[in-house]
Amino acid sequence: MQNGTWLASNPLGIAWNASIVTTTYPDGVYNITVWANDSAGNAYNNSARVIRVRFDNTVPSVSSNSSNNNITSPVNDGNYSGSLFFNVSIYDLGGVGAVFFNVTNSTGVQNGTWLASNISSMWNATIITTVYADGLYNITVWANDTYGNTNNSAQVLRVRFDNTKPTVWSANISSPLASGNYSGSLLLNASVLDTNGVINAVFFNVTYANGSGQAVALTASNNLSSSWYNATINTAGYADGLYNITVWATDTAGNLNNSAQVTNVRFDNVAPRVWV
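These remarks concern the structure in this document.

Here is what the cut-offs are and how they apply
Residues numbered from 1 in each chain as written. Predicted model: local features only at pLDDT ≥ 70, side-chain atom pairs only at ≥ 80, totals over all residues. Heavy atoms only, no water. Helix = DSSP H or I, 4+ residues; strand = E, 2+ residues; numbered from the N terminus. Rg over C-alpha atoms; globule rule 2.2 N^0.38 Å. Buried < 20%, exposed > 50% of the residue type's maximum accessible area, 1.4 Å probe, protein only. Contact = heavy atoms within 4.5 Å. Areas by Shrake-Rupley, 256 points an atom, 1.4 Å probe, with all protein chains shown as cover. Lys, Arg positive; Asp, Glu negative; His and termini not counted. Charge placed at Lys NZ, Arg CZ, Asp CG, Glu CD. Salt bridge = Lys/Arg side-chain N within 4 Å of Asp/Glu carboxyl O. Pairing = 2+ DSSP bridges. Axes fitted to C-alpha atoms, helices over the stretch in contact; angles between N-to-C directions. Phe/Tyr/Trp six-rings, centres within 6.5 Å; stacked < 30°, edge-to-face > 60°. Patch = residues over 30% accessible without salt bridge, like charges linked within 9 Å, V, L, I, M, F, W, Y side chains within 5 Å.

**Looking at the overall build of the protein chain**
In step 1: What the protein chain contains, in helices and strands, is zero helices and 22 strands.
In step 2: Computed over the C-alpha atoms, the radius of gyration of the protein chain is 34 Å, more than 25% above the 19 Å expected from 2.2 N^0.38 for a compact globule of 276 residues.
In step 3: Once the C-alpha set of the protein chain is aligned to its principal axes, its extents read approximately 140 × 35 × 30 Å.
In step 4: When burial is assessed residue by residue, the protein chain has 37% of its 276 residues classed as buried.
In step 5: By sequence separation, contacts in the protein chain at least 24 residues apart represent 61% of the contacts at least 6 residues apart.
In step 6: Accessible area for the protein chain stands at about 15900 Å²; split by element, carbon and sulfur atoms hold 53% of it.
In step 7: Of the charged side chains in the protein chain, 8 are positive and 12 negative, and the gap between their average positions amounts to 6 Å.

Right, here's the structure in full:
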């Protein structure tokens, strides 16, 4: 079916040319045939050299994870440390040419552009978040097809790069005390902070002071109104003796701090012996 005929001009006396606006046609594949008439009225149709072309004015299809979940990683408001895997699904009928992940900070300043590779129809790249300052970033996907159409509308927002461990020192452990003696129920209490992200979990790891192994790991609770995390242990459930108690704190980006410890805590549930 004929879609249009365009009269060519010969401004330089060498080549004949014409320009068309492809947006006036539906996207698709077209055949272009040259017809030439001489001044004597002879017509020639060079049908043996039909040019097959595609008109494509549609940008690649890519949506942010708030709509069609084309961006599988990272996610809005996610916290990340170390290596971060970018992954997105992009479709274009005429073929995807190139995909980039553009990293900007919360003020809009560009911090890096990463070229994606295509693996099993997914476009991805890996960045090392430690080369960036801790903070919030926006990730924009730039997708070009082989015809020059660009889509940069897909974005994930407020992605936090956090490579700083939670803050907890031995001095933050208010109970028990190093070299203290305890019986019955013992409250374990520690202050844990994370300036860049959110605390994910806190554990009290109880080990034998002689290094012979772990006695128990207790999950701490938090009332959400303070930085204090606590758990209660029944010392009567353990053999009398010396124990070390270490605080393990992780944030939502996966950073771990297990450097805070109180040592030589004595569990003693045996009454003194008295003879008459």
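Having seen the model, we can carry on.
**Quick look at the pattern of salt bridges**
In step 1: On inspection of all chains with the given rule, the structure shows one salt bridge.
In step 2: A salt bridge links Arg 158 to Asp 77; the nearest nitrogen and oxygen atoms lie 2.6 Å apart. Here Arg 158 is found in strand E13 (residues 150–161), whereas its partner Asp 77 is found in the loop between strand E5 (71–73) and strand E6 (79–80), with 81 residues between them in sequence.

**Some points on the environment of Ala 217**
In step 1: Following the sequence through the fold, Ala 217 ends up in strand E18 (residues 214–219).
In step 2: For the pair formed by Ala 217 and Phe 204, sequence separation is 13 residues and the distance between their alpha carbons is 5.6 Å.
In step 3: Apart from residues lying up to four places away in sequence, Ala 217 is in contact with Phe 204 and Asn 205.

**Brief notes about the sheet that holds strand E11 (residues 122–128)**
In step 1: Read from one edge to the other, the open sheet built from four strands follows the order E5-E7-E11-E10, with strand pairing classed as antiparallel. With partners counted over all chains shown, the strands left at the sheet margins are E5 and strand E10 (117–119), one partner each. Sheet twist, expressed as the average angle between the axes of neighbouring strands with direction ignored, equals 30 degrees.
In step 2: Here E5 pairs with strand E7 (residues 83–89) via two bridges, running antiparallel. For Ile 71, the partnering residue across the bridge sits in E7 and is Val 88.

**Focus: the packing of aromatic side chains**
One pair of aromatic rings is described through two measures. These are the centre distance and the angle between the planes.
In step 1: According to the stated counting rule, one finds ten aromatic pairs in the structure shown.
In step 2: Ring centres of Phe 86 and Phe 101 lie 4.9 Å apart, and the angle between their planes is 45 degrees; this geometry places the pair in the tilted category. Taken together, the residues Phe 86 in strand E7 and Phe 101 in strand E8 (residues 96–105) connect sequence positions 15 residues apart. Accessibility assignment for this pair places Phe 86 and Phe 101 in one class, buried.

**Remarks on the sheet that holds strand E22 (residues 256–267)**
In step 1: Strand order in the open sheet made by the five strands is E15-E22-E21-E17-E18, with mixed pairing throughout. The open sheet has two edge strands, strand E15 (181–182) and E18, and neither has a second partner.
In step 2: Relative to E22, strand E21 (residues 241–251) runs antiparallel, the two sharing eight bridges. Bridge pairing in E22 links Leu 242 to Arg 266.

**A short note on the side chain of Asn 172**
In step 1: Turning to its location among the elements, Asn 172 is positioned in the loop between E13 and strand E14 (173–175).
In step 2: A relative accessible area of 11% means that Asn 172 is categorised as buried.
In step 3: Setting aside its immediate chain neighbours within four residues, Asn 172 contacts Thr 167, Asn 189, Ala 190, Ser 191 and Trp 228.

**Concerning a nonpolar patch on the surface**
In step 1: On the surface, Phe 203, Trp 248 and Leu 256 cluster together into a nonpolar patch covering about 240 Å² of accessible area.
In step 2: Note on placement: Phe 203 falls in strand E17 (residues 199–208).
In step 3: Taking the relative accessible area as the measure of exposure, Phe 203 reaches 33% and is therefore partly exposed.

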